[in-house]
Structure formats: C-alpha cells, structure tokens
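Close look at the chain arrangement
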Amino acid sequence: MSNSAMKDGSSNVSFSAQTLALFEKEVAKYPPERRQAAVIACLTLVQQEHGHVSSDSELWLAHYLGMPAIAVHEVATFYNMFNLEPVGRFKINVCTNLSCQLRGGQKALEHLSQKLNVSPGRTTSDGLIRLEPAECLGACADAPVLLVNDTHMCSFMDNDKLDQLVDALHKEGAQT
Ligand code: FES
C-alpha cells in the first residue's frame, strides 16, 4: 500500500492513496449531485484504514462528500458496525437478540466476559479484544452467533467453541 496521503484543511486526518482511490470509486457509482449516497461505503473504508471512525474523519468525509458533518455523524452512529473510538485488534459482537437469546446468547456474552475479564462494551487491558453485545446479526437459524471484526460469523457458539475462539485470537494476536 502506498503511504502517500492527502490532507484536508477542515481536519487533521489523512488517508492512503489506495483509500483515496477507493473513495473515488465509490463516489463514481452515483450521479455527481448524489455523491453523498456513498457515505456508508466511505465510512467503511475509513474504518478499514484507521480501525475506527474519528470525528476528524467524519469532518473530512463531510467536506469530501459535500454534506453536513452532522449527517455523516448520524450515519456513523446509526450503524453499530462503525467503531467511534479505537477498539481492540479483534472485535467480538455477540448477538443477544431474541433467537440467540433463547439459545444462550446472553450466556455466551457472559462466558466471554468472564473468560476475557472485560465488561461488554469494553476492550481487554492488553488492547487485543473488544467485547460487544449486538442486535440480530441475520443468522438466527445458527443461534447463538457472534461476529468477529464485522466479517467472520461464528455459529452455534457453546462454551467450548467460545473458548477455542478466544484461544485462537490470542494465538493470532501473539504472532503479529
Ligand atoms: S437473533 Fe441472533 S442472529 Fe438473529
């Protein structure tokens, strides 16, 4: 990835040339007067590069897309996949909505909380793992489920599988 970056006068944030090109690609999918329609895709790219969406990034994006900063903030706060502060290297979203709740979703969250020694909504003291409760993740038939880093769905999570997952994340975290 190129290290070249662009700075915008309205904020202190910068992005790699690759991310800037991806912003352009997303914006090009819409008519010029509708470029703000790319806001979710651009927020996703911001998070991919920085790990979270800071208020500086929101300001930068508002300027880039020609929309009010509050409108970018509304989108960033509406969808819980956007991290508004730095999170651990791994984020675990445990579904505690109805179908998962009926099959042990809350117990899975509590088991992870005990094993990681961290409260839901917090990051472990070593900065490795963020634990979050989540609304329905769209995989009710596989309940209880959880999502790692917003991309990797884990199904039918009993205590053994939860323990294996935590061990695997610790192992991966130690390697890099
Ligand atoms: S209720 Fe958990 S995935 Fe739908």
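Just so it is clear, the model here is predicted, and its values are computed rather than measured.

Calculation criteria
Residues numbered from 1 in each chain as written. Predicted model: local features only at pLDDT ≥ 70, side-chain atom pairs only at ≥ 80, totals over all residues. Heavy atoms only, no water. Buried < 20%, exposed > 50% of the residue type's maximum accessible area, 1.4 Å probe, protein only. Helix = DSSP H or I, 4+ residues; strand = E, 2+ residues; numbered from the N terminus. Arc of directions from axis to C-beta. Salt bridge = Lys/Arg side-chain N within 4 Å of Asp/Glu carboxyl O. pLDDT = per-residue confidence, 0-100. Contact = heavy atoms within 4.5 Å.

Considering helix H4 (residues 69-78)
When we look at burial in H4, the residues that qualify are Ala-71, Val-72, Val-75 and Ala-76. Seen along its axis, H4 keeps its buried residues to an arc of 135°; they face one direction. Of the exposed residues in H4, those oriented more than 90 degrees away from the buried face are Ile-70 and Phe-78.

Focus: the pattern of salt bridges
In total, this model carries six salt bridges according to the counting rule given. Residue Arg-130 pairs with Glu-85 through a salt bridge whose shortest N-O separation is 2.8 Å. Of this pair, Arg-130 sits in strand E5 (residues 129-134) while Glu-85 is found in the loop between H4 and strand E3 (90-95), placing the two residues 45 residues apart along the sequence. Since its relative accessible area comes to 8%, Arg-130 is described here as buried. Residue class for Glu-85 comes out partly exposed when judged on its relative accessible area of 40%. Through salt bridges that share partners, Glu-85, Arg-130 and Glu-132 make up one connected network.

Some points on the confidence of the model for the protein chain
Chain-level pLDDT for the protein chain is 92 on average; 94% of the residues reach the 70-or-more range. Note that residues 1-9 has pLDDT below 50 and, in this model, 22 contacts with residues that lie over four places away or in other chains.

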